[in-house]
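# Reading the structure
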Amino acid sequence: QIYVIVFVSRYLDLFVTLPHSFLSTYNYVMKLIFLASSMGIVYIMMIRHGKHYDRVQESSIKIWWLIAPAAVLALVFHQKFTIRELFWTFSIFLEAVAIVPQLMLLQRSGSVENITADYVMCLGGYRAMYMLNWIYRFYTEGKTQWIVWASG
């Protein structure tokens with residue numbers, strides 16, 4: 001659920017059609033596929049297989065405890081005071097802590113299913129690739145965004 005919030009707020013340019021926000025057809029289509037697949041996973045997990053989804057353990061950490069500080073940080077630390085920039089910054093800060101509920105659930109349960117371990121491993125790999133992307137962009141484009149570096 002948190003990752004859907006992260007990516008909807010990050011890809012806000014899909015919903016606000018401004019001529020300068022369109023980078024390429026590939027970029028636009030991949031963002032749509034990414035959003036659709038993220039929402040599809042949440043749908044399958046909560047609606048289709050809802051009876052297997054443990055709502056008691058899910059409520060062990062309220063997602064507002066993660067969303068509110070990310071929103072405050074986005075309001076305080078941003079590069080430009082625009083709606084798109086604030087939502088993008090919010091998504092970066094929220095993504096940094098989005099794995100916390102899953103880790104707390106793993107710690108509380110004491111046992112890890114293979115699918116859960118694979119999921120956490122893939123998220124770690126995703127974050128590692130994301131960091132490599134920013135290192136690459138720093139050396140090839142000269143772009144550095146301290147918000148991305150600070151939030152990991």
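This write-up is about the structure you can find in this document. (Residues numbered from 1 in each chain as written. Predicted model: local features only at pLDDT ≥ 70, side-chain atom pairs only at ≥ 80, totals over all residues. Heavy atoms only, no water.)

### What about the overall build of the chain?
Secondary structure assignment for the chain yields 8 helices and 0 strands. Taken from the N to the C terminus, the helices and strands of the chain come in the order α-α-α-α-α-α-α-α. Relative to its 152 residues, the chain shows a buried fraction of 30%. A separation threshold of at least 6 residues defines the contact pool for the chain, and within that pool the share at least 24 residues apart is 63%. Entry remark: accessible area of the chain is about 10,200 Å², with carbon and sulfur atoms responsible for 69%. (Helix = DSSP H or I, 4+ residues; strand = E, 2+ residues; numbered from the N terminus. Buried < 20%, exposed > 50% of the residue type's maximum accessible area, 1.4 Å probe, protein only. Contact = heavy atoms within 4.5 Å. Areas by Shrake-Rupley, 256 points an atom, 1.4 Å probe, with all protein chains shown as cover.)

### Points about a nonpolar patch on the surface
Taken together, Y26, Y28, V29, M30, L32 and I33 make up a surface patch of nonpolar side chains, about 570 Å² in accessible area. Within the secondary structure, V29 sits in helix α2 (residues 25-48). When its relative accessible area of 37% is taken as the criterion, V29 is described as partly exposed. (Patch = residues over 30% accessible without salt bridge, like charges linked within 9 Å, V, L, I, M, F, W, Y side chains within 5 Å. Salt bridge = Lys/Arg side-chain N within 4 Å of Asp/Glu carboxyl O.)

### A few points about the pattern of salt bridges
Applying the stated criterion to the full structure yields 1 salt bridge. A salt bridge links E95 to R10, with the nearest nitrogen and oxygen atoms 2.6 Å apart. Highlighted residues: E95 in helix α5 (residues 83-97) and R10 in helix α1 (residues 2-10), separated in sequence by 85 residues. Here the two residues E95 and R10 agree in accessibility, since each one is buried.

### Section: the packing of aromatic side chains
A ring pair, where both rings are aromatic, is described by two values, the distance of the centres and the angle of the planes. Counted under the stated rule, the structure contains 5 aromatic pairs. Look at F7 and F34: their rings are 4.6 Å apart centre to centre, the planes differ by 80 degrees, and that puts the pair in the edge-to-face class. Taken together, the residues span a long stretch of sequence, with F7 in helix α1 and F34 in helix α2 at a distance of 27 residues. Judged by relative accessible area, which is 30%, F34 ranks as partly exposed. A ring pair is formed by Y11 and F34, whose centres lie 6.3 Å apart and whose planes are at 75 degrees; its orientation type is edge-to-face. Residue Y11 is found in the loop between α1 and α2, and its partner F34 is found in helix α2; the two are separated by 23 residues along the sequence. (Phe/Tyr/Trp six-rings, centres within 6.5 Å; stacked < 30°, edge-to-face > 60°.)

### So, the packing of α1 against α5
Across the interface, α1 lies against α5 with an axial gap of 8 Å and an inter-helix angle of 155 degrees. Between α1 and α5, the angle is such that the two are roughly antiparallel. For the element pair α1 and α5, the recorded crossing hand is left-handed. Every residue of α5 that contacts α1 at I2, Y3, I5, V6, F7, S9 and R10 is listed here: F87, W88, F90, S91, I92, L94 and E95. Residues of the contact of α1 with α5, tallied by class, amount to 10 nonpolar, 2 polar and 2 charged. (Axes fitted to C-alpha atoms, helices over the stretch in contact; angles between N-to-C directions. Parallel < 35°, antiparallel > 145°, perpendicular 65-115°, else oblique. Left-handed = near helix turned anticlockwise from the far one by under 90°. Nonpolar A, V, L, I, M, F, W, Y, C, P; charged D, E, K, R; others polar.)

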